[in-house]
Amino acid sequence: MGHEDGMVFRTANGTATTPTWERVGATGPNPLTPRRFCTCITVHPTDPDTAYVAFGGYEQGNLWVTTDGGEHWTNLATALPHAPIRALAVHPRRTKLL
């Protein structure tokens, strides 16, 4: 779940009556740094520890990835224009393509 201030949360029991949520990306050696509206979260179809997070705003750093469940984050938008990303999908047969 993403919030308008850039905070991102994950749960391991989302279908429970009262799911528990844990904030990810706030600390660590590679934190998730955007402090703006989170527009999209896409989880890899075969690896639940890999997730892509997109942000709005005409700024740099609008696409991030984690491969360890949210402990470390990498900015994938270094070569992209400073524009919002509204949606993201993983290719269904070639999962290395977004």
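Attention here is on the structure that accompanies the text. These numbers come from a predicted model, not from an experiment.

Thoughts on the state of the cysteines
Evaluated as defined, the whole model comprises 0 disulfides. Here Cys38 is not disulfide-linked; the sulfur of Cys40 is the nearest cysteine sulfur, at 7.5 Å. For Cys40, a relative accessible area of 14% puts it in the buried group.

Comments concerning the side chain of Thr50
Take Thr50: it is sitting in the loop between strand S3 (38–43) and strand S4 (51–55). Here Asp47 takes part through its side chain, which lies 2.8 Å from a polar atom of the side chain of Thr50.

Regarding the side chain of Asn62
Mapped onto the fold, Asn62 is located in the loop between S4 and strand S5 (63–66). Under the relative-accessibility criterion, Asn62 is labelled buried at 2%. In terms of polar contacts, Asn62 uses its side chain to reach the backbone carbonyl oxygen of Gly57, at 2.9 Å. Residues in contact with Asn62, not counting those within four places in the same chain, are Arg36, Val53, Ala54, Phe55, Gly56, Gly57, Ala77, Ala83, Pro84 and Ile85.

What about the sheet that holds S3?
The strand order across the open sheet built from 4 strands is S3-S4-S5-S6, with neighbouring strands paired in antiparallel fashion. A strand with exactly one partner marks an edge of an open sheet, and here the two such strands are S3 and strand S6 (74–75). Examined bridge by bridge, S5 and S6 share 2 bridges and lie antiparallel to one another. Residue Trp64 lies in a different strand from S6, and its bridge partner there is Asn75.

Description of the pairing of S5
Both faces of S5 are covered, namely the face carrying Leu63 and Val65 and the face carrying Trp64 and Thr66. Taken together, the 4 bridges between S4 and S5 define a ladder with antiparallel strand orientation. From the neighbouring strand, Ala51 faces S5, where its bridge partner is Thr66.

Brief notes about the nonpolar core
For soluble globular proteins, the rule of thumb is that nonpolar side chains tend to be buried together. Grouped together as the largest cluster of nonpolar side chains are 9 residues: Cys40, Tyr52, Ala54, Leu63, Val65, Ala77, Ile85, Leu88 and Val90. Only S4 and S5 provide two or more residues apiece to this core. Residues within four places of Val65 in sequence aside, it is in contact with Thr50, Ala51, Tyr52, His72, Trp73, Thr74 and Leu76. Formed by 8 residues, the second largest nonpolar core is a distinct cluster that contains Leu32, Cys38, Val53 and Phe55.

The rules behind the values
Residues numbered from 1 in each chain as written. Predicted model: local features only at pLDDT ≥ 70, side-chain atom pairs only at ≥ 80, totals over all residues. Heavy atoms only, no water. Disulfide = S-S within 2.5 Å. Buried < 20%, exposed > 50% of the residue type's maximum accessible area, 1.4 Å probe, protein only. Helix = DSSP H or I, 4+ residues; strand = E, 2+ residues; numbered from the N terminus. Polar contact = N/O pair within 3.5 Å; in protein donor to acceptor, adjacent residues only side chain to side chain. Contact = heavy atoms within 4.5 Å. Pairing = 2+ DSSP bridges. Core = buried A, V, L, I, M, F, W, Y, C linked by side-chain atoms within 4.5 Å.

Purely geometric numbers; function is a separate question.
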